[in-house]
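# Survey of secondary and tertiary structure
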Amino acid sequence: MTTRLSLMLAASSLVLATPALAEEEGLTPEKVAAIQRDEAAAEAKVNAEHGNRKPSEMSNAERGQAIRDQQKEAAKVMEKHGVSAKEFATFTARMTPEDNQRVANEAKRLDDKEKAEKEAEAKKRKGDGEVHIQQGFSDADPVELESTEDAEPSVDVDSNLDSMTGAPVVEIGDNAGTPKRSISRKSSKSSRRGR
């Protein structure tokens, strides 16, 4: 066997063994979905840092910096999952339609899982739905946040509210809501001119 032929056989065995090695290392369609999801989140983060502007709205320097930042974030994602960009690209290029369907199913499952976690967190933050209203915050005007179950509810009215000075007086009765008509000098002169 010639040297050239043996080198070609060795190279072809490495190329053909790459998907099998990637599968053994843990690169599966499910992991591809997780990587794609993390990449999308990293890209959204970088876009937000750069003001969510289109590349055409950026200067050349800003566009270059945005690209470099996206590449750094993508490298961090690949490192987090323990996969090289080359292995990822090779595996995704050789995926079958069934593998693509598995990726789509896994992406949907991850979205549903995230929604469920957000809803659970929102419910946890919301609490039991009771609203506590605080009326005072000093020793003279204490606040009772919790009461016993067998006690009757009571409303304490501050005596200072009745004797407020400078408060507007509200008229109730026949004259309430009807404005009084006043004749000023200008209106009287205009009425004379009109005659």
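As shown above, the structure is provided for reference.
Residues numbered from 1 in each chain as written. Predicted model: local features only at pLDDT ≥ 70, side-chain atom pairs only at ≥ 80, totals over all residues. Heavy atoms only, no water.

Once that is clear, we can look at the nonpolar core. Soluble globular proteins tend to bury their nonpolar side chains together. Residues L27, V32, A33, I35, A42, V77, M78, V83, F88, F91, M95 and V103 constitute the largest nonpolar core, which totals twelve residues. Every element with two or more residues in this core is listed here: α2 (29-49), α3 (60-81) and α4 (85-93). No other element matches α2, which puts four residues into this core. When residues no more than four places from it in sequence are discounted, the contact partners of V77 are I35, D38, E39 and A42. (Core = buried A, V, L, I, M, F, W, Y, C linked by side-chain atoms within 4.5 Å. Buried < 20%, exposed > 50% of the residue type's maximum accessible area, 1.4 Å probe, protein only. Helix = DSSP H or I, 4+ residues; strand = E, 2+ residues; numbered from the N terminus. Contact = heavy atoms within 4.5 Å.)

Another aspect to go through is α2. Taking 1.5 Å per residue as the helical rise, α2 with its 21 residues ought to reach 30 Å, and the 30 Å between its terminal C-alpha atoms agrees with that figure. Along α2, the positions that sit buried rather than exposed are P29, V32, A33, I35, A42 and V46. Each element contacted by the buried residues of α2 is listed here: α3, α4 and α5 (97-126). One or two residues past the end of α2 sits G51, with phi positive at roughly 80 degrees. (Expected span 1.5 Å × (residues − 1).)

Right, let's get into the pattern of salt bridges. Considering all chains together, one arrives at twelve salt bridges under this definition. Among the ionic pairs, R102 bridges to D99, the shortest N-O distance being 3.8 Å. On the criterion of helical spacing, the pair formed by R102 and D99 is a turn pair, its members being three residues apart in helix α5. Take R102: its relative accessible area is 37%, and that puts it in the partly exposed class. Its salt-bridge partner being E106, residue R109 comes within 2.7 Å of it at the nearest N-O pair. Residue R109 and its partner E106 are located together in helix α5, separated by three residues, close to a single helical turn. Judged by its relative accessible area of 43%, R109 is partly exposed. Here the salt bridges share partners, and the residues they tie into one network are R37, D111, E114 and K118. (Salt bridge = Lys/Arg side-chain N within 4 Å of Asp/Glu carboxyl O.)

Moving on to the side chain of H81. With respect to the helices and strands, H81 occurs in helix α3. Those residues in contact with H81 that lie beyond four places of it in its chain are K31, A34, I35 and D38.

Attention shifts here to the side chain of D69. Checked against the element boundaries, D69 lands in helix α3. Buried charged residue D69 carries no salt bridge. Nearest counter-charge: K72, at 4.7 Å. Apart from the residues within four sequence positions on either side, D69 is in contact with V46 and H50. (Lys, Arg positive; Asp, Glu negative; His and termini not counted.)

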